[in-house]
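So the chains spell out like this:
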Amino acid sequence: MHMEWYRIFLYTARAGNLTKAAQELHITQPSVSYAIKQLEASLGVKLFDRLSKGVKLTPEGAALLGYVEQSFSLLQAGEDKVHSLKRLSAGELRIGASGPIIKHLLVPPLDKFHAQYPGVRIRLSQGRSAEIREQLKNGQIDLGFVHLPMSDHELDVKHLATIQDCFVVGHSYRHLLEHPVTARELIKIPLLLLSKGSSTRRYVEEWLFSLGVTAEVDIELSSMDMLIELAQRGYGTAFVTRSFIKQELKEEKLYELQLTDPIPERSIAVATRRDISLSITANHFLNMLTASLDDMR
């Protein structure tokens, strides 16, 4: 049955007059009369009694009216909801990333986004790259921020930023700054690394292995902030991302070791589901983040 018939039925019932309904709908009176007759024929009942000064609902028509009003009310609510999502006055932003990426990469644009669109609910989950990948594939998040390399046929993974890792020490190991440190000398220092299973841990172990050495880890933690803290306190050398410790290096709370074999750069990427369109909310935040990174370069 034609939805327009029900719309004409609704306007006619409220107006109580075919001509008035036609005027409100901006159509002709015969069109209103035709639609009512078609709806009555389709349902097999009479919906209006024709009076000298208009029309009046039959008992069957009155019974139908309540459902039609609810249906159009729901449709209007649906349209209003879509418009509010479009204006970013409602909706959700679902993001997953590791702790350091959240703290150093996402928080500044998130602060700006939250201030501009307080009606959007921000759902932020912390995890390793492998966990973020599964959350994306399970539909739990819309945007996942991960370290490369990552390859998955279900995901679209795009380079976002280049980062440089380094080994840092506190005052207790300042004497190591006198000359470049070899890989074999490096592993003689107590090593502070992220826990096994993280992409950062795999990266540093693969880099050391490429140089013919195997790391014996003294302290392994799930928090880069804790690695930085312990390095400052003299527990050894921590493998961290240089851009995340700019302030500590500037204030000489930490010192970067010069290595004979430089650590290659690596990339942070944003991952999304290939088969699902990004929401307006997620797209807008991603644009804000990209602009923020451009300003930092």
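Please read all numbers here as calculations on a predicted model, not as lab measurements. (Residues numbered from 1 in each chain as written. Predicted model: local features only at pLDDT ≥ 70, side-chain atom pairs only at ≥ 80, totals over all residues. Heavy atoms only, no water.)

Describing the layout of surface pockets
Within this model, the largest pocket holds a volume of roughly 400 Å³. If you go around the largest pocket, you meet 28 residues; those closest to its centre are S98, G99, P100, Q126 and S222. Sort the elements by how many residues they give to the lining of the largest pocket and helix α5 (residues 99–116) lands first, with 5 residues. Of the residues contributing to the lining of the largest pocket, the split by class is 10 nonpolar, 14 polar and 4 charged. (1 Å grid on protein atoms, 1.4 Å probe; cavity = no way out; pocket = protein on both sides within 12 Å on 5 of 7 lines; lining within 4 Å. Points joined across faces, edges and corners; volume = space filled by probe spheres on them. Helix = DSSP H or I, 4+ residues; strand = E, 2+ residues; numbered from the N terminus. Nonpolar A, V, L, I, M, F, W, Y, C, P; charged D, E, K, R; others polar.)

Some words on the environment of R242
With respect to the secondary-structure elements, R242 resides in the loop between β10 (237–241) and α10 (246–250). On a C-alpha basis, the gap between R242 and H175 in space is 20 Å, while along the polypeptide they are 67 residues apart. Those residues within four positions of R242 in sequence are excluded, and the remaining contacts are Q164, D165, C166, L249 and E256. Polar side-chain contacts of R242 include one of 2.8 Å to the side chain of E256. (Contact = heavy atoms within 4.5 Å. Polar contact = N/O pair within 3.5 Å; in protein donor to acceptor, adjacent residues only side chain to side chain.)

Some details on the packing of helix α1 (residues 3–15) against helix α4 (residues 59–86)
For any two helices packed against each other, one specifies the crossing angle of their axes together with the interaxial distance. Viewed as axis vectors pointing N to C, α1 and α4 meet at an angle of 115°, and their least axial separation amounts to 10 Å. One finds that α1 runs roughly perpendicular with respect to α4. Handedness of the α1/α4 crossing: left-handed. On α4, the residues touching M3, Y6, R7, F9, L10, A13 and R14 of α1 are G61, L64, L65, V68, E69, F72 and L75. Here the residues of the contact of α1 with α4 are counted per class, giving 10 nonpolar, 1 polar and 3 charged. (Axes fitted to C-alpha atoms, helices over the stretch in contact; angles between N-to-C directions. Parallel < 35°, antiparallel > 145°, perpendicular 65-115°, else oblique. Left-handed = near helix turned anticlockwise from the far one by under 90°.)

A look at the nonpolar core
Ranked by internal contacts, the top residues of the largest apolar core, which has 25 residues, are L93, I95, L106, L143, F145, F285 and L289. Mapped onto this core, the elements with two or more residues apiece are β3 (92–97), α5, β5 (143–147), β6 (155–163), β12 (266–273) and α11 (280–296). Beyond its immediate stretch of four places on either side in the chain, L143 contacts L93, R94, I95, G96, L136, V270, A271, T272, L278, A282, F285 and L286. (Core = buried A, V, L, I, M, F, W, Y, C linked by side-chain atoms within 4.5 Å. Buried < 20%, exposed > 50% of the residue type's maximum accessible area, 1.4 Å probe, protein only.)

Details of unusual backbone geometry
The step from L148 to P149 runs through a cis peptide bond, and the omega angle for that step is 5°. Note on placement: P149 falls in the loop between β5 and β6. Phi is positive for H26, close to 60°, though the residue is something other than glycine. Turning to its location among the elements, H26 is positioned in the loop between α2 (18–25) and α3 (29–43). The class of H26 is exposed, set by a relative accessible area of 71%.

Notes on the pattern of salt bridges
Tallied over the full model, the rule gives 17 salt bridges. Here E92 and R123 are joined by a salt bridge, their closest N and O atoms 2.8 Å apart. Here R123 lies in strand β4 (residues 121–126) and E92 lies in strand β3, a separation of 31 residues in the sequence. For E92, a relative accessible area of 34% corresponds to the partly exposed category. Accessibility expressed as a relative area gives 36% for R123, which makes it partly exposed. Residues D165 and R266 are paired through a salt bridge, measuring 2.5 Å at the closest nitrogen-oxygen approach. (Salt bridge = Lys/Arg side-chain N within 4 Å of Asp/Glu carboxyl O.)

Considering the sheet that holds β5
Ordered in space as β4-β3-β5-β12-β6, the 5 strands form an open sheet in which the pairing is mixed. Each edge of the open sheet carries a strand with a single partner, namely β4 and β6. Taking the axes of each pair of neighbouring strands and ignoring which way they run, one obtains an average angle of 20° across the sheet. As paired elements, β3 and β5 share 3 bridges and run parallel to each other. Across the sheet, G96 pairs through a bridge with G144, a residue of β5. (Pairing = 2+ DSSP bridges.)

Let's talk about the pairing of strand β8 (residues 191–194)
Burial along β8 is two-sided: L191 and L193 facing one way and L192 and L194 facing the other are all buried. Pairing of β8 with strand β9 (residues 217–221), which is carried by 4 bridges, proceeds in the parallel orientation. Following the sheet pairing, L194 is matched in β9 by L221. With helix α8 (residues 199–210) bridging β8 and the parallel β9, this β-α-β connection has right-handed handedness. Looking at chain direction, β8 and β10 are connected through 2 bridges and run parallel. Its bridge partner being in β10, L192 is matched across the sheet by A238. (Right-handed = clockwise from strand over helix to strand, strands pointing away.)

Distances and angles like these do not, on their own, reveal function.
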